[in-house]
Amino acid sequence: MRFSLPRPTLALLALCAALAGCTEADAPATRDKPATEAAEPDPTPIVAPPANSLAGEWLKTRPGPEAKGCFTEERRPAVVETVTEHVLVDPETRDAKTGVVIAPATYRTTTQARIVSGGGRMWFASVCASQMTQARIAVLQRALWVRGLYDGPLDGKMSAATREAIRRYQTQRGLLSAELSLRAAREMGVVSWLETPEGP
């Protein structure tokens, strides 16, 4: 009995055989750099963006008079966790001979709120009022609008809606305040990362 392969299969096998015959000797030779050549300068390092959290902006102590820039004082809320426990009321009853459960165990569920860490006065670096010009507030409003946090007019006015959008942006990242932090302002392009903080 004669067996034959389809033409596409034969073409594929021929291609594989041709590729298998290639050796390192067929590869183009690489030229080592002579030791006399000047070494290339080290590449400029790329600075990674900051971590996606504003929680690290909190300061536990009031900044001293030597600290540059403006700071906002807020009461940081206590961190509370809810703990649910199942307490055994009656153990299960089993048949002494067979070990079959006659009556299942009964439990009582209790839920308690426990304070993990208490609240207190905290501070964070914020944008000084003198820096928040109408043009910068308009940039802020646009940045919040793009993120879906603000839908009011782009009028450059620090309205209640603008402050609420600031609060939403910062709260979801660990900074519970409607005052614009310096870090958030830099992230949204309102203030340059290279700009030196001004005085109050």
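Quick caveat: nothing in here was measured; it's all calculated off a predicted structure.

Cut-offs applied
Residues numbered from 1 in each chain as written. Predicted model: local features only at pLDDT ≥ 70, side-chain atom pairs only at ≥ 80, totals over all residues. Heavy atoms only, no water. Core = buried A, V, L, I, M, F, W, Y, C linked by side-chain atoms within 4.5 Å. Buried < 20%, exposed > 50% of the residue type's maximum accessible area, 1.4 Å probe, protein only. Helix = DSSP H or I, 4+ residues; strand = E, 2+ residues; numbered from the N terminus. Contact = heavy atoms within 4.5 Å. Patch = residues over 30% accessible without salt bridge, like charges linked within 9 Å, V, L, I, M, F, W, Y side chains within 5 Å. Areas by Shrake-Rupley, 256 points an atom, 1.4 Å probe, with all protein chains shown as cover. Salt bridge = Lys/Arg side-chain N within 4 Å of Asp/Glu carboxyl O. Expected span 1.5 Å × (residues − 1). Arc of directions from axis to C-beta. Axes fitted to C-alpha atoms, helices over the stretch in contact; angles between N-to-C directions. Parallel < 35°, antiparallel > 145°, perpendicular 65-115°, else oblique. Left-handed = near helix turned anticlockwise from the far one by under 90°.

Trainee: Give a description of the nonpolar core that names residues and reports values.
Mentor: In terms of nonpolar packing, the biggest core is built from 23 residues, with Val127, Met132, Leu140, Leu144, Leu180, Met188 and Val190 touching the most fellow members. Looking at this core, the elements with two or more residues in it are β6 (120–126), α2 (134–146), α3 (160–171) and α4 (182–187). If one sorts the elements of this core by residue count, α2 sits on top with four residues. With near-sequence residues (within four places) excluded, Met188 lies in contact with Leu140, Ala143, Leu144, Arg147, Tyr169 and Leu180.

Trainee: Give a description of a nonpolar patch on the surface that names residues and reports values.
Mentor: A cluster of nonpolar side chains, namely Trp145, Val146 and Leu154, defines an oily patch on the protein surface of about 340 Å² accessible area. The residue Leu154 is located in the loop between α2 and α3 in this model.

Trainee: Residues and numbers for the environment of Arg168, please.
Mentor: Inspection of the secondary structure puts Arg168 in helix α3. Considered as a pair, Arg168 and Leu149 are 19 residues apart in the sequence and their alpha carbons are 7.1 Å apart. If we ignore the near neighbours within four places in the chain, the residues touching Arg168 are Gly148 and Leu149.

Trainee: Go over α3, please, and point to the residues and values.
Mentor: Between the first and last C-alpha of α3 there are 16 Å, a value that for twelve residues agrees with the 16 Å anticipated at 1.5 Å per step. Buried within α3 we find Thr162, Ala165, Ile166, Tyr169 and Gln170. Buried positions in α3, seen along its axis, are confined to an arc of 125° and lie on one side of it. Of the surrounding secondary structure, the elements contacted by the buried residues of α3 are α2 and α4.

Trainee: Help me get a handle on the packing of α2 against α3, residues and values and all.
Mentor: Between α2 and α3, the least distance of the axes is 10 Å, while the angle of their chain directions is 55°. Considering their axes alone, α2 and α3 lie oblique with respect to each other. As α2 packs across α3, the resulting crossing turns out to be left-handed. Only Thr162, Ala165, Ile166 and Tyr169 of α3 make contact with α2, whose side of the interface consists of Leu140, Gln141 and Leu144.

Trainee: Tell me about the pattern of salt bridges, and name the residues and values.
Mentor: Enumeration over the complete set of coordinates arrives at seven salt bridges. We note a salt bridge from Glu73 to Arg121, for which the minimum N-O separation is 3.7 Å. One end of the pair, Glu73, is in strand β1 (residues 70–76); the other, Arg121, is in strand β6, and 48 residues separate them in sequence. Given the relative accessible area of 42%, Arg121 is considered partly exposed. Between Arg94 and Glu92 there is a salt bridge, and its shortest N-O distance comes to 2.8 Å. In the salt-bridge network here, residues are joined through shared partners; they are Arg62, Glu73 and Arg121.

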